[in-house]
Amino acid sequence: MFLRKFASSTLLMTSVSVFRLLAQYISIPILSRLLSHEDYGLMAMSMPFVVFCMLLADAGMGLSLVRTAREKHEEWSSAFWLTCAIGIGLALLILTSAPLVAMLYEEPRVAPLIMLLSVAVLMQSTYAIPSSYLQQQHHFKTLAKIDAFSLVLSICTALYAATHGHGAWSLIYQQVVYHTVKAILIFYFSHFRPLWGFKWSLVTQHLRFGRDMIGVNLSEFFARSSDMIIIGRLLGAAAAGAYSMAFQFVRLPVMLITGPLQYVLYSYLARFK
């Protein structure tokens, strides 16, 4: 019974990754006709700093809370308010640091793109804890549907914006719409409603767990993003765009196999502490 549920859950999350891949295969050729390599390059140059902030958005507490009983409402709520505060702080950091990142690239067009992406970081921090709430209950079907719907709507937004001449902004809108819609749907379907109030003592153990998770994620981030920063700085937006599109194929094994397997396996093993 356990193996069957585990296999079906993994297959379900893998199907979302496959759907995401197919959606990209359909949308990217269309967008590539409407957008230039330079547009993709501006997007690729904007993302590393934003992805860096996304890694810090929930301070690693989301995964830690999967091990916590849902009846501990005060503990879940305290973690939620803390992640919201972190998200607001990171969004403000992005807004103030965007001009400096643009100076690093010597590309002023990057700054406003990064500023708008701060909304995506803020949204991710708000749905991190409710998403873990669903993960703990093994509601993978709900998570899969939410991700698929958010993805389709975000792609439609990008296509509409691209056909109306918005250039690189089309790709930025795609990210903002994806995370905003996902936040709304996760809140609605998770039925997670935080209590008013915050206790620091209830989140310290989750912060210790998150500290180690963030350390691992940051090392992977710098290994994965350093080449993009160097290419964007030395060769420009067009070269960064071509490299970014090609690199997506390298990540296929992680997207289709490793990622879903790890996501599902952790939620099943978490109950054993």
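Residues numbered from 1 in each chain as written. Predicted model: local features only at pLDDT ≥ 70, side-chain atom pairs only at ≥ 80, totals over all residues. Heavy atoms only, no water.

Undergrad: Go over a nonpolar patch on the surface, please, and point to the residues and values.
TA: A cluster of nonpolar side chains, namely Ile88, Leu92, Leu95 and Met115, defines an oily patch on the protein surface of about 330 Å² accessible area. If one sorts the elements of the nonpolar patch by residue count, helix α4 (residues 73-105) sits on top with three residues. By the element assignment, leucine 92 lies in helix α4. (Patch = residues over 30% accessible without salt bridge, like charges linked within 9 Å, V, L, I, M, F, W, Y side chains within 5 Å. Areas by Shrake-Rupley, 256 points an atom, 1.4 Å probe, with all protein chains shown as cover. Salt bridge = Lys/Arg side-chain N within 4 Å of Asp/Glu carboxyl O. Helix = DSSP H or I, 4+ residues; strand = E, 2+ residues; numbered from the N terminus.)

Undergrad: Explain helix α2 (residues 37-56) to me, and be specific about the residues and the numbers.
TA: When the terminal C-alpha atoms of α2 are compared, their 30 Å separation across 20 residues agrees well with the 28 Å that a helix rising 1.5 Å per residue should span. Approximately 35° is the largest bend angle found in α2, and it occurs at methionine 47, with the proline proline 48 only one to four residues beyond. In terms of burial, α2 is a largely internal element, 15 of the 20 residues being buried. (Expected span 1.5 Å × (residues − 1). Bend = angle between axes of the 7 residues up to and from the residue. Buried < 20%, exposed > 50% of the residue type's maximum accessible area, 1.4 Å probe, protein only.)

Undergrad: Describe the nonpolar core, and please don't skip the residues or the numbers.
TA: Ranked by size, the top nonpolar core spans 31 residues in total, and within it Leu31, Ile114 and Val121 carry the most contacts. Broken down by secondary-structure element, the contributors of at least two residues to this core are α2, α4, α5 (110-136), α6 (140-163) and α7 (169-190). No other element matches the nine residues that α2 contributes to this core. Leaving out residues up to four positions away in the same chain, leucine 31 has contacts with Tyr40, Ala158, Leu159, Ala162 and Leu171. In terms of nonpolar packing, the next biggest core, distinct from the first, is built from eleven residues, Met61, Leu65, Leu82 and Ile129 among them. (Core = buried A, V, L, I, M, F, W, Y, C linked by side-chain atoms within 4.5 Å. Contact = heavy atoms within 4.5 Å.)

Undergrad: Go over unusual backbone geometry, please, and point to the residues and values.
TA: It is generally the case that most residues other than glycine have a negative phi and that most peptide bonds are trans. With a phi close to 60°, glutamate 106 is a non-glycine residue in the positive phi region. Phi at histidine 191 is positive, roughly 60°, even though this residue is not glycine. Tracing the backbone through its elements, the reader meets histidine 191 in the loop between α7 and α8 (204-235).

Undergrad: Let's hear about the packing of α6 against α7: which residues, and what values?
TA: In contact at an axis separation of 8 Å, α6 and α7 are set at 150° when each is read in the N-to-C sense. Viewed along their axes, α6 and α7 adopt a mutual orientation that is roughly antiparallel. The crossing of α6 and α7 is right-handed. For the contact of α6 with α7, the residue count by class is 15 nonpolar, six polar and two charged. (Axes fitted to C-alpha atoms, helices over the stretch in contact; angles between N-to-C directions. Parallel < 35°, antiparallel > 145°, perpendicular 65-115°, else oblique. Left-handed = near helix turned anticlockwise from the far one by under 90°. Nonpolar A, V, L, I, M, F, W, Y, C, P; charged D, E, K, R; others polar.)

Undergrad: Break down the packing of aromatic side chains for me, citing the residues and quoting the values.
TA: Where two aromatic rings form a pair, the distance of their centres and the angle of their planes describe that pair. Within this structure, the stated rule accounts for ten aromatic pairs. Here the aromatic rings of phenylalanine 80 and tryptophan 81 are separated by 5.0 Å at their centres, their planes lie at 70°, and the arrangement is edge-to-face. You can call tryptophan 81 partly exposed: its relative accessible area is 26%. An angle of 80° between the planes, with centres 5.6 Å apart, marks the rings of phenylalanine 80 and phenylalanine 187 as edge-to-face. Of this pair, phenylalanine 80 sits in helix α4 while phenylalanine 187 sits in helix α7, and the two are 107 residues apart along the sequence. Judged by its relative accessible area of 22%, phenylalanine 187 falls in the partly exposed class. (Phe/Tyr/Trp six-rings, centres within 6.5 Å; stacked < 30°, edge-to-face > 60°.)

Undergrad: Quick rundown of the side chain of threonine 68? Include the residues and the values.
TA: For threonine 68, the position within the fold is in the loop between α3 (61-65) and α4. Setting aside anything within four residues of it in sequence, one finds threonine 68 in contact with Glu75, Trp76, Gln136 and His206.

Undergrad: For the environment of isoleucine 30, give the residues involved together with the corresponding values.
TA: If you trace the backbone, isoleucine 30 turns up in helix α1 (residues 2-34). Remark: the alpha-carbon pair of isoleucine 30 and threonine 163, spanning 133 residues in sequence, is separated by 9.8 Å.

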